[in-house]
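# Architecture at a glance
Okay, here's what each chain looks like letter by letter:
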Amino acid sequence: MKFKGDIIILDPCSAVKCDSDWQECGWGADMGKLGFTRFLCLDEGADCCRTVRNADTGEILGHFCTDSAVLVLLDFDELLAYNPGFSDHVKYPASCTVIRGFDGEATMENGCFIGRGNINFVTADS
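Residues numbered from 1 in each chain as written. Predicted model: local features only at pLDDT ≥ 70, side-chain atom pairs only at ≥ 80, totals over all residues. Heavy atoms only, no water.

### Section: the pattern of salt bridges
- Summed over the entire model, instances satisfying the criterion amount to 6 salt bridges.
- D103 serves as the salt-bridge partner of K2, at 2.5 Å between the closest nitrogen and oxygen. A residue pair is termed long-range when its members are at least 10 positions apart, and K2 in strand β1 (residues 2–10) and D103 in strand β6 (residues 97–109) qualify at 101 residues.
- Residue K2 is classed as partly exposed on the basis of its relative accessible area, which comes to 41%.
- Here R100 and D6 are joined by a salt bridge, their closest N and O atoms 3.0 Å apart. Placement of R100 in strand β6 and of D6 in strand β1 is noted, with a sequence separation of 94 residues between them.
- Under the relative-accessibility criterion, R100 is labelled partly exposed at 49%. (Salt bridge = Lys/Arg side-chain N within 4 Å of Asp/Glu carboxyl O. Helix = DSSP H or I, 4+ residues; strand = E, 2+ residues; numbered from the N terminus. Buried < 20%, exposed > 50% of the residue type's maximum accessible area, 1.4 Å probe, protein only.)

Read these as geometric descriptors, not functional statements.
Shown next as structure tokens:
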């Protein structure tokens with residue numbers, strides 16, 4: 001899926017505003033039910049903590065974790081439009097990763113998010 005702008009990787013339960021929205025989006029499986037147009041959902045099947053690395057240099061771009069065993073990659077502007085009060089990226093920086101100014105394609109491969117574009121990234125075990 002094509003993204004242009006800031007993106008965020010996080011547990012979708014941290015993104016939703018309320019329990020009814022959590023149920024409405026199928027516990028993160030379909031963020032489109034909440035108005036998101038650009039998102040990827042990865043069902044981890046187990047709790048995990050992960051690292052986002054620059055695929056070219058190996059530099060750590062950030063970390064994220066999940067309690068719900070589901071991860072999403074969202075357009076950050078769409079998240080803030082849906083939930084203007086979202087601030088986990090500031091309050092709990094290890095819970096999610098924001099990649100600023102990403103311009104490229106993001107996909108899911110072998111249980112990881114992969115980004116190819118002006119910033120090449122991959123998620124990996126911590």
